[in-house]
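What the coordinates show
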Amino acid sequence: MSASITLIGSLNPEYLEKFNAWLDVRGLQGAIRLLTDAQDAVSVAQVMVGDGVMDSAVIRAELLTLSNDTGIDHIYQSTMLDIKASGIAVFDMDSTLIKAEVMDELAVEAGIGEQISAVTASAMRGEIDFVESFVQRLALLKGLSSEVMDGVYTRIQHMDGISTLMKVLHHYGWHTAILSGGFTYFADRVQAEYGMSEVHANVLEIQNNELTGKHLGDIVDGERKKRLLTNIVAEQGVDWQQTIACGDGANDLLMLNHAALGVALHAKPLVREQAPCPMNNLGLEGILYLLGMTSEQIRALSV
């Protein structure tokens, strides 16, 4: 199928005309189709372009520059997925399905919030090794009462568009999974709330109602996320062209680049540069526009 470019942001006729000229200069042809309508606060437009006309790395780099300069997402996809055919969609949890880093929230309860959040941010930017930082941060939580976790989950906000996205994906029979470097206690609750298919996350060791500062089992890092995605695709017997991965941190890059559609949602600068589809101007519902759906279609399936 043809490749596509999706624009998300404050679009006006003048900018669309300017972007059309940008396409013409590069030999890319196709009519720009508006996917949103008057009810939407953010505009989305999509154009189908000839596949193979430009090197994908080159066009992504140019579009990222446009995104940074204009504040409008310019997202290139080398192929279009079929929303109406079943597929696999996997998601990071922290700062992707929820608007928080759970480790940081637990650190607040322990009175060491700033100390741990600085390390978390550095790990998500890819400046330090995720596994090493995970072990170090978790060790600092030793002695924290496990009874605080329910309150932590209750105060965490979920990402905009999560309910809409899950309703539409599940309507079309998609298998949805959480692949999280966070903790099962929180991921299991997100899974239950939105009817997601499965969870893979880290298990906190708890003794006498206190965190020991250790985990049980393998750590879910970037390599394991990629491997889990591969395993799920094999188990479900789904075509790789029907796979979506979504995350925000450096430890998500392997799975983002492994899936057919790798969406970096509100991602760190390094991730925006290296992920296929960086998206800043919508929540999780933006993935549905990347799949070619219109606002009218989305609303009809998400009530």
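To keep things clear, this report deals only with the structure shown in the data block. The structure presented is a predicted model; accordingly, all values stated were derived computationally and were not measured.

Thresholds, definitions, all that
- The residue count restarts for each chain, going from 1 along the sequence in the order it is written.
- In view of the model being predicted, local features appear only for residues whose pLDDT reaches at least 70, and side-chain atom pairs are presented and counted only at 80 or more, with totals across whole chains, interfaces and linings using the full set of residues.
- Each side-chain value is worked out from all heavy atoms of the structure, with water and hydrogens disregarded.
- Under the DSSP-based scheme used, a helix requires at least four consecutive residues in state H or I and a strand at least two consecutive residues in state E, with every element numbered from the N terminus.
- A 1.4 Å probe rolled over the protein chains alone gives each residue an accessible area, and that area as a share of the maximum for its type sets the label: buried under 20%, exposed over 50%, partly exposed in between.
- In what follows, a contact means two residues having at least one pair of non-hydrogen atoms within 4.5 Å.
- Surface accessibility follows the Shrake-Rupley procedure with a 1.4 Å probe radius. Residue values consider only the protein chains on display as shielding.
- Under the counting rule used here, the positive set is Lys and Arg, the negative set is Asp and Glu, and His together with the chain ends is not counted.
- Every charge is mapped to an atom, namely NZ of Lys, CZ of Arg, CG of Asp or CD of Glu.
- Two aromatic rings, drawn from Phe, Tyr or Trp (for Trp, its six-membered ring), form a pair once their centres lie within 6.5 Å of each other, and the interplanar angle then sorts them: stacked below 30 degrees, edge-to-face above 60, tilted otherwise.
- The set of buried Ala, Val, Leu, Ile, Met, Phe, Trp, Tyr and Cys residues whose side-chain atoms join them within 4.5 Å is what this entry labels a nonpolar core.
- Take a side-chain nitrogen of Lys or Arg and a carboxyl oxygen of Asp or Glu: if they are within 4 Å of each other, that pair is a salt bridge.
- Two strands make a pair as long as DSSP finds a minimum of two bridges between them.
- Crossover handedness is defined by viewing with both strands directed away from the observer: a clockwise path from the first strand over the helix to the second marks the crossover as right-handed.
- Axes here refer to lines fitted to C-alpha atoms; in helices the fit is confined to the stretch in contact. Angles between the N-to-C directions go from 0 to 180 degrees.
- Polar contact is defined as a pair of N or O atoms within 3.5 Å, subject to the rule that within protein one atom must be able to donate a hydrogen and the other to accept it, and that residues adjacent in sequence are counted only when both atoms are side-chain atoms.

In this section: the overall build of the protein chain. Each helix and strand in the protein chain was counted, giving 13 helices and 11 strands. Expressed as lengths along the three principal axes of its C-alpha atoms, the size of the protein chain is roughly 65 × 35 × 35 Å. The proportion of buried residues among the 303 residues of the protein chain is 53%. Within the protein chain, residue pairs in contact and separated by at least 24 positions form 68% of the contacts whose partners lie at least 6 positions apart. Counting only carbon and sulfur atoms, one obtains 48% of the accessible surface of the protein chain, whose full area is about 12800 Å². Looking at charge distribution, the protein chain has the averaged site of its 20 positive side-chain charges lying 1 Å from that of its 39 negative ones.

Considering all chains together, one arrives at 5 aromatic pairs under this definition. Centre to centre, the rings of phenylalanine 19 and tryptophan 22 are 5.3 Å apart; their planes meet at 10 degrees, and the pair counts as stacked. Placement of the pair is phenylalanine 19 and tryptophan 22 together in helix α1 (residues 13-25), with a separation of 3 residues, close to one helical turn. The same class applies to phenylalanine 19 as to tryptophan 22, namely buried. By way of ring pairs, the aromatic residues Phe130, Phe134 and Phe183 are connected into one cluster.

What follows is about the nonpolar core. Phe91, Leu97, Leu284 and Ile287 are the most contacted members of the largest nonpolar core, which has 64 residues in total. Broken down by element, the residue count for this core peaks at 5 residues, all from helix α7 (residues 162-171). When sequence neighbours within four positions are dropped, the list of residues in contact with leucine 97 reads Phe91, Asp92, His158, Met159, Ile162, Met166, Ile178, Val190, Met196 and Leu284. Core analysis: the second largest hydrophobic core is formed by 19 residues, Ala177, Val238, Leu253 and Ala264 among them.

Before going further, it helps to examine the pattern of salt bridges. One pass over the full model with this rule turns up 11 salt bridges. Notably, a salt bridge pairs aspartate 160 with lysine 99, separated by 3.0 Å at the nearest N-O pair. A residue pair is termed long-range when its members are at least 10 positions apart, and aspartate 160 in the loop between α6 (149-155) and α7 and lysine 99 in the loop between β5 (88-91) and α3 (102-110) qualify at 61 residues. The class for aspartate 160 is partly exposed, based on a relative accessible area of 43%. Overall, the relative accessible area of 39% leaves lysine 99 in the partly exposed class. One salt bridge connects arginine 155 with glutamate 109, and the closest N-O pair in it is separated by 2.6 Å. Here arginine 155, found in helix α6, pairs with glutamate 109, found in helix α3; they are 46 residues apart in sequence, far enough to count as distant. Where salt bridges share partners, they join Asp37, Asp40 and Arg299 into one cluster.

Further remarks concern the pairing of strand β9 (residues 243-247). A regular strand places its side chains so that they alternate between the two faces of the sheet. Buried residues dominate β9, accounting for 5 of its 5 residues. Direction of pairing for β5 relative to β9: parallel, over a ladder of 4 bridges. Counted as the bridge partner of valine 90 is alanine 245 from β9. At this point the chain moves from β9, through helix α10 (residues 253-258), to the parallel strand β10 (residues 261-265), and the crossover so formed is right-handed.

Further remarks concern the sheet that holds strand β4 (residues 73-77). Reading across from one edge, β2-β3-β1-β4 is the order of the 4 strands in this open sheet, with antiparallel pairing throughout. A strand with exactly one partner marks an edge of an open sheet, and here the two such strands are β2 (32-34) and β4. For this sheet, the mean inter-axis angle between neighbouring strands, taken without regard to orientation, is 20 degrees. Note: strand β1 (residues 3-9) against strand β3 (residues 43-49), 7 bridges, orientation antiparallel. Each bridged residue has a counterpart across the sheet, and for glycine 9 the counterpart in β3 is serine 43. The strands that α1 touches are β1, β2, β3 and β4; relative to β1, the one it contacts most, it runs at about 155 degrees.

The next subject is the environment of threonine 70. Relative to the assigned elements, threonine 70 resides in helix α2 (residues 56-70). Sequence separation between threonine 70 and serine 117 is 47 residues, and the spatial gap between their C-alpha atoms is 30 Å. For threonine 70, the side chain forms a polar contact with the main-chain oxygen of leucine 66, separated by 2.7 Å.

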